[in-house]
Amino acid sequence: SPDGTITDSIESKVCWWHMQDGRVLGLHGGQLVEYDAETLSPLGIVVKGLGNDTEVVVVENGSVLALVKKSTKEIKVIHPNDDGSYWRRFQRNKKVRQEEKAREAIARMWLEQTKQ
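Residues numbered from 1 in each chain as written. Predicted model: local features only at pLDDT ≥ 70, side-chain atom pairs only at ≥ 80, totals over all residues. Heavy atoms only, no water.

A complete count under the given rule lists 1 salt bridge for this structure. The shortest N-O distance in the salt bridge between Arg23 and Glu34 comes to 3.4 Å. Residue Arg23 is found in the loop between strand S2 (14–18) and strand S3 (24–28), and its partner Glu34 is found in strand S4 (residues 31–35); the two are separated by 11 residues along the sequence. For Arg23, a relative accessible area of 24% translates into the label partly exposed. Here Glu34 falls in the buried class, since its relative accessible area comes to 0%. (Salt bridge = Lys/Arg side-chain N within 4 Å of Asp/Glu carboxyl O. Helix = DSSP H or I, 4+ residues; strand = E, 2+ residues; numbered from the N terminus. Buried < 20%, exposed > 50% of the residue type's maximum accessible area, 1.4 Å probe, protein only.)

Have a look at this one:
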């Protein structure tokens, strides 16, 4: 049932969810992955490194995705991206960080040159 589905051992479970918006999510080896709805090709990682203390919960007929920490009952809702997808674009953020570091290096070099 897509309403209130909870998994037990994250690392050993393989689970699939068809979300209300048509997105397909799968749990494999402690990673929550988004898949293409037609081909079931992986699109990207939604959450990685889930441990056994985490439950994946899909409620309201697949309209809400949340992670619940068993020990503290802390809940974290996974919100979709602006385009409706759930997977995180890790590489884009890496590129932004690299650009920021390059600008910071240029600023440091300029400051060193102006001190002399």
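Throughout the structure, instances matching the rule amount to 1 aromatic pair. Judged by centre distance (4.8 Å) and plane angle (50 degrees), the rings of Trp16 and Tyr35 are tilted. Taken together, the positions of Trp16 in strand S2 and Tyr35 in strand S4 put the pair 19 residues apart, joining distant regions of the chain. The exposure class assigned to Trp16 is partly exposed, which follows from its relative accessible area of 39%. (Phe/Tyr/Trp six-rings, centres within 6.5 Å; stacked < 30°, edge-to-face > 60°.)

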